[in-house]
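# Examining the three-dimensional arrangement
Residues per chain are reported as follows:
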Amino acid sequence: MERARAEDLLQRGNDFIDQNDYTSALPVLQEAERLSQQLSTKNVLRGDILHGLGLAVYQLGEPQKGEEHLRQSMNIKRRCLPANDVSIAATMKVLGECLRQQQKFDESEQMLRQAVDMERTVNAPP
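So, a few notes on the structure that sits alongside this text. Not measured: the values here are computed from a predicted model.

### Comments concerning the pattern of salt bridges
Working definition: two side chains of opposite charge can pair if their charged atoms are close together. As enumerated under the stated definition, the model contains 12 salt bridges in all. Glu97 is the partner of Arg100 in a salt bridge, and the nearest nitrogen-oxygen pair spans 2.9 Å. Placement of the pair is Arg100 and Glu97 together in helix H5 (residues 86-101), with a separation of three residues, close to one helical turn. Overall, the relative accessible area of 28% leaves Glu97 in the partly exposed class. Here the salt bridges share partners, and the residues they tie into one network are Glu67, Arg71, Lys104 and Glu107.

### As for the packing of helix H1 (residues 2-18) against helix H3 (residues 44-59)
Viewed as axis vectors pointing N to C, H1 and H3 meet at an angle of 30 degrees, and their least axial separation amounts to 10 Å. One element, H1, and the other, H3, form an angle in the roughly parallel class. Viewed along their axes, H1 and H3 form a crossing whose handedness is left-handed. Taking contact as the criterion, the partners of Arg3, Ala6, Glu7, Leu10 and Ile17 in H1 are, on H3, Leu45, Asp48, Ile49, Gly52 and Leu55. Grouping the constituent residues of the contact of H1 with H3 by class yields six nonpolar, one polar and three charged.

### Some details on the packing of H1 against helix H2 (residues 22-36)
Packing of H1 against H2 brings their axes to within 8 Å, and their N-to-C directions diverge by 160 degrees. Taken together, H1 and H2 sit at an angle that is classed as roughly antiparallel. The crossing of H1 and H2 is left-handed. In contact with Glu2, Arg5, Ala6, Leu9, Leu10, Arg12, Gly13, Phe16 and Ile17 of H1, H2 contributes Tyr22, Ser24, Ala25, Val28, Leu29, Glu31, Ala32 and Leu35. Class assignment of the residues belonging to the contact of H1 with H2 gives a composition of 11 nonpolar, two polar and four charged.

What counts as what
Residues numbered from 1 in each chain as written. Predicted model: local features only at pLDDT ≥ 70, side-chain atom pairs only at ≥ 80, totals over all residues. Heavy atoms only, no water. Salt bridge = Lys/Arg side-chain N within 4 Å of Asp/Glu carboxyl O. Helix = DSSP H or I, 4+ residues; strand = E, 2+ residues; numbered from the N terminus. Buried < 20%, exposed > 50% of the residue type's maximum accessible area, 1.4 Å probe, protein only. Axes fitted to C-alpha atoms, helices over the stretch in contact; angles between N-to-C directions. Parallel < 35°, antiparallel > 145°, perpendicular 65-115°, else oblique. Left-handed = near helix turned anticlockwise from the far one by under 90°. Contact = heavy atoms within 4.5 Å. Nonpolar A, V, L, I, M, F, W, Y, C, P; charged D, E, K, R; others polar.

Encoded structure:
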């Protein structure tokens with residue numbers, strides 16, 4: 001039951017994010033995150049929720065909190081998904097931007113380069 005509710009909340013939160021309405025996305029994703037805490041730490045749903053939550057708080061001017069959520073998301077996704085999954089690259093790109101905002105330029109550049117390399121690998125012709 002919690003999983004289905006968390007999935008619904010994630011979708012609502014992502015809909016708000018797609019509209020750049022981070023203020024509305026935040027409480028929805030916080031509730032999804034609360035529900036997802038009962039799921040396994042190896043659950044990609046939790047990783048997706050933390051990605052959305054990290055993006056929302058980063059966009060609302062809290063890059064340190066965003067970084068924390070995005071790192072958690074990336075770690076979960078790395079445990080659950082294939083190494084070059086585009087979902088991991090998407091989280092890495094947002095994390096790279098979040099790090100740049102905090103003037104952590106070396107780490108930001110490294111994160112963004114890794115994300116681009118992953119996307120190139122995935123999108124390379126066979």
